[in-house]
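# Reading the structure
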Amino acid sequence: MTTTTLPGVRAAVRRTPAVRRRRLGPGKPIKFGAAIGPLLLLVIWSIGSATGWIDQRVLSAPWTVVSTAGELIADGRLQSNLWTSSQRALLGLGLGIVLGVVLALISGLSRLGEAVLDGPIQIKRAIPSLALLPLLILWLGIGESMKVVTILLGVFVPIYIHTHNGLRTIDSRYVELAQTVGLSQREFIRRVVLPGALPGFLLGLRFAVTGAWLSLVVVEQINATSGIGYMMELARTYGQTDIIIVGLVLYGALGLLSDAGVRLIQRRALSWRRTLAS
Amino acid sequence: MAPYAGLVTVQVRDLVRKYDDRAVLDGVDLEIAPGEFVALLGKSGSGKSTLLRALAGLDPEVVGSGELVVPQQVSVVFQDSRLLPWARVLDNVVLGLRGSEQRGRESLAEVGLAGREDAWPNELSGGEQQRVALARSLVREPELLLADEPFGALDALTRLKMHALLRKLCAAHQPAVLLVTHDVDEAIVLADRVIVLDAGRLVAEEVISLGLERSAVDPEFAAVRARLLDALGVTL
């Protein structure tokens with residue numbers, strides 16, 4: 001009996017691979033996957049410039065941009081402008097993060113706070129911070145404070161929205177648990193609320209970081225006398241596309257780097273999570 | 001009831017709880033003595049969880065009346081382990097207790113999880129998570145342990161192991177226990193006394209005098225089970 005059933009069993013086992021199971025997750029992570037897209041763009045740009053398919057006056061070749069960047073570094077202009085820009089962006093970002101988190105906590109933990117704060121912030125969200133620029137210039141002049149405030153206004157909204165959302169989606173079962181183990185309000189915030197809202201906050205931070213560089217571009221092209229945006233604006237007057245591209249590449253690299261930085265923090269801080277991507 | 005006569009840890013008198021004018025608990029009287037293990041049986045919607053939540057003080061917004069005396073130290077074990085996913089196992093056990101890491105470690109060792117202090121809750125199996133939840137409850141040395149179908153989500157084999165563990169822990173720590181369950185055998189195996197709730201009222205009570213080794217093939221066990229099933233409205 002056994003000998004007659006075994007071949008049948010084996011055949012069935014051999015047939016199973018034929019039934020292909022569709023995998024629903026995105027699969028294993030690709031090594032250096034984040035670099036593939038940008039590199040591809042660079043390759044297309046290089047080929048286009050080398051073959052003359054891209055006009056030099058319209059878009060300088062990558063190697064021209066590199067040598068221009070070299071010159072700008074050699075005479076110190078790039079560093080000093082980058083330093084000024086970074087200071088503005090970091091200051092605006094830092095203040096925006098603090099403001100966003102504080103507002104999210106007030107509005108997330110108290111109904112009154114939500115009633116007072118959430119509406120105005122949603123209205124602010126509907127107004128692009130760049131549309132506020134004329135008003136800000138009238139109020140604050142064209143100095144550094146106007147620039148920092150513009151960045152801050154662009155930054156705090158995504159931080160607020162995502163942190164607030166993270167707070168509000170904390171499972172009420174954990175609130176119940178906190179009650180049964182007798183956590184104080186402070187411990188509740190420290191042990192449950194803040195870690196629970198952290199994924200939301202970090203998502204908001206990713207938007208905020210790129211938003212900070214975005215606002216920077218605009219404020220630096222209006223009445224600035226230093227910064228990457230100013231350097232590009234000056235280059236426009238003289239028709240130097242290569243310097244403009246250096247600026248663009250710099251903005252792009254800064255945005256990309258800061259996003260990668262936040263994602264690194266995300267991976268470290270949220271290592272307790274098992275998600276689709278891990 | 002004799003060994004506990006005169007002492008009470010929990011006293012409930014004429015407890016009424018209403019949702020939208022519908023009485024979920026309709027005049028419940030209950031006493032639990034120190035160290036007594038009471039199992040509460042009932043169909044879905046009979047008010048079991050409502051009674052437990054009332055004892056745990058988790059229903060401040062629910063309309064009701066009645067007298068309720070519970071001790072200072074009450075611990076709750078929920079059906080889900082309810083571990084904070086962002087806190088490591090040891091931090092979950094000592095949540096809200098200051099400077100009690102050592103006690104937390106001992107408690108984890110008691111439930112057989114020594115060495116897993118730094119694991120994330122997600123890395124543990126369902127049974128292990130529920131053992132952490134038990135450790136979290138017992139490290140607080142509760143006078144009353146409330147358990148709301150704590151093994152309901154576990155597979156049958158794990159559940160048997162958890163029964164043995166819970167009996168061992170209760171023998172060591174001597175809390176009064178109210179275990180909500182819908183598993184009649186579980187109730188008989190674990191409890192000193194089984195009570196049955198139906199439509200918001202206690203309708204039956206069985207004092208279990210089967211000794212420590214309780215076997216479902218024991219005719220006495222079968223008799224108790226038949227009476228409890230009858231009280232639950234199940235006819236075989």
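Residues numbered from 1 in each chain as written. Chains lettered and ligands numbered in written order. Predicted model: local features only at pLDDT ≥ 70, side-chain atom pairs only at ≥ 80, totals over all residues. Heavy atoms only, no water.

## Comments concerning the confidence of the model for chain B
- Per-chain confidence: chain B averages 89 in pLDDT, with 97% of residues scoring 70 or above.
- Ranking the helices and strands of chain B by mean pLDDT puts helix α2 (residues 89–93) of chain B first, with 95, and strand β4 (residues 63–69) of chain B last, with 86. (pLDDT = per-residue confidence, 0-100. Helix = DSSP H or I, 4+ residues; strand = E, 2+ residues; numbered from the N terminus.)

## Description of a nonpolar patch on the surface
Residue and element names in this part refer to chain A.
- Taken together, the side chains of Leu 135, Leu 138, Trp 139 and Leu 140 define a hydrophobic patch exposed on the protein surface, amounting to about 470 Å² of accessible area.
- Along the chain, Leu 135 turns up in helix α6 (residues 133–140).
- Among the residues examined, Leu 135 registers a relative accessible area of 38% and is labelled partly exposed. (Patch = residues over 30% accessible without salt bridge, like charges linked within 9 Å, V, L, I, M, F, W, Y side chains within 5 Å. Areas by Shrake-Rupley, 256 points an atom, 1.4 Å probe, with all protein chains shown as cover. Salt bridge = Lys/Arg side-chain N within 4 Å of Asp/Glu carboxyl O. Buried < 20%, exposed > 50% of the residue type's maximum accessible area, 1.4 Å probe, protein only.)

## Considerations on the packing of helix α9 (residues 185–220) of chain A against helix α11 (residues 241–269) of chain A
All names here are of chain A.
- At a minimum axis distance of 10 Å, the contact between α9 and α11 shows a crossing angle of 165 degrees. Comparing their axes, α11 and α9 come out roughly antiparallel. In this structure, the crossing between α9 and α11 has a hand that is right-handed. Facing α9, whose interface residues are Leu 198, Leu 202, Leu 203, Leu 205, Arg 206, Val 209, Thr 210, Trp 213, Leu 216, Val 217 and Glu 220, α11 presents Tyr 251, Leu 254, Gly 255, Ser 258, Asp 259, Val 262, Arg 263, Ile 265, Gln 266 and Ala 269.
- When its residues are assigned to classes, the contact of α9 with α11 shows 13 nonpolar, 4 polar and 4 charged. (Axes fitted to C-alpha atoms, helices over the stretch in contact; angles between N-to-C directions. Parallel < 35°, antiparallel > 145°, perpendicular 65-115°, else oblique. Left-handed = near helix turned anticlockwise from the far one by under 90°. Contact = heavy atoms within 4.5 Å. Nonpolar A, V, L, I, M, F, W, Y, C, P; charged D, E, K, R; others polar.)

## Describing the domain arrangement of chain B
All names here are of chain B.
- Its domain assignment divides chain B into domain 1 (2–73 + 144–231) and domain 2 (81–141).
- In this complex, domain 1 contributes 12 residues to the contact, which on the side of domain 2 involves 11 residues.
- When domain 1 packs against domain 2, the two sides together hide about 1000 Å² of surface, and 70% of this comes from carbon and sulfur.
- Contact with domain 2 buries area across many residues of domain 1, yet Met 162, Leu 169 and His 173 alone supply 43% of it, more than any other trio.
- Where domain 1 meets domain 2, there are 0 salt bridges.
- Taken together, the residues of the side of domain 1 that touches domain 2 sort by class into 8 nonpolar, 3 polar and 1 charged. (Domains from an automatic or database assignment. Buried area = accessible area lost by both parts, 1.4 Å probe.)

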